[in-house]
Amino acid sequence: MTKVKKEKAIKEEAGATETGGTEKSYVELIANINPIANPLATKKLSKKLYKCVKKASKLKQIRRGVKEVQKFINKGETGIVVLAGDTLPIDVYCHVPVMCEDRSLPYAYIPSKVDLGSSAGSKRPTCVIMIKSHEDYKEAYDECFEEVSALPKPL
C-alpha cells in the first residue's frame, strides 16, 4: 500500500467508527420493506433467526435461494422459512409464502436480504432461506419455530 492509500483507509475507518459503522438500524431497514412482507419478525425475533441461520449454516442445515427452497418444499422437507422483506421485484418470491401455507410450514419476513445472506456465511444477499432442524441447535430452533408459528398470518 502506498502512503496515500494508507491515509485514506485510516480516514474511512475513523469515519465508520464515528457514525457507528455502516450497519443500519432496524427502523431504517423497515422503511425499505415490500408491501407483501407480512408477518414481519420483530427486532428480537430477527436476531434470534439470524443466530439460528448462522448455527444451521455451520452444520450445512440450510437451503438457500428461491429455486432450492421451492424444490425442497415441493419434496416435502420441513423447517422454518425466512424471507427477506426488501427484495425487489416482488414477483421473484411472492409464491413462496403460499407454498408454505399449503404445507403448514412456518415463515417470517425479516427486513434485510444483506443481513440474511451474511448470517448464512455468504457475501451475496439472499432473499429466501429454509432452516432445517438439527440436534446441535435444537433449543434455538424450537424457540424460533414457536415464535414464528405464533406470528399472525396475513389474510
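Reading guide: rules and limits
Residues numbered from 1 in each chain as written. Predicted model: local features only at pLDDT ≥ 70, side-chain atom pairs only at ≥ 80, totals over all residues. Heavy atoms only, no water. UniProt positions renumbered as here; feature names shortened; annotations may be inferred. Salt bridge = Lys/Arg side-chain N within 4 Å of Asp/Glu carboxyl O. Helix = DSSP H or I, 4+ residues; strand = E, 2+ residues; numbered from the N terminus. Buried < 20%, exposed > 50% of the residue type's maximum accessible area, 1.4 Å probe, protein only. Contact = heavy atoms within 4.5 Å. Pairing = 2+ DSSP bridges. Axes fitted to C-alpha atoms, helices over the stretch in contact; angles between N-to-C directions.

In the annotation of an unreviewed UniProt entry, the chain is listed under the name H/ACA ribonucleoprotein complex subunit 2 and assigned to Coregonus suidteri. Turning to the chain, the UniProt record has this under Sequence similarities (unreviewed entry): "Belongs to the eukaryotic ribosomal protein eL8 family." One UniProt comment on the chain, placed under Subcellular location (unreviewed entry), says "Nucleus, Nucleolus".

**Student:** Honestly, the pattern of salt bridges in this entry has me stumped. Any pointers?
**Tutor:** Once the charged atoms of two side chains with opposite charge are near each other, the side chains can pair. Per the stated rule, a full pass over the model turns up five salt bridges. Between Glu68 and Arg63 there is a salt bridge, with the nearest N and O atoms lying 3.7 Å from each other. Each of Lys48, Glu143 and Glu147 takes part in salt bridges that share partners, so that together they form one network.

**Student:** Honestly, the side chain of Thr87 in this entry has me stumped. Any pointers?
**Tutor:** Note that Thr87 resides in the loop between β2 (80–84) and α5 (96–102). Given the relative accessible area of 4%, Thr87 is considered buried. Excluding residues within four positions of it along the chain, Thr87 makes contact with Asn34, Tyr93, Lys113 and Cys127.

**Student:** Please clarify how the sheet that holds strand β3 (residues 107–110) should be interpreted in this entry.
**Tutor:** To summarise the sheet geometry, strands pair through backbone hydrogen bonds and adopt either a parallel or an antiparallel arrangement. With mixed pairing, four strands are arranged side by side in an open sheet as β1-β4-β2-β3. Whereas interior strands pair on both sides, the edge strands pair on one side only; in this sheet they are β1 (62–64) and β3. Sheet twist, expressed as the average angle between the axes of neighbouring strands with direction ignored, equals 20°. Of the strand pairs in this sheet, β1 and strand β4 (residues 128–131) are connected by three bridges, and their pairing is antiparallel. Bridge pairing in β4 links Arg63 to Met130. Running over the sheet, helix α3 (residues 43–58) touches β1, β2, β3 and β4 and is turned about 70° from β4.

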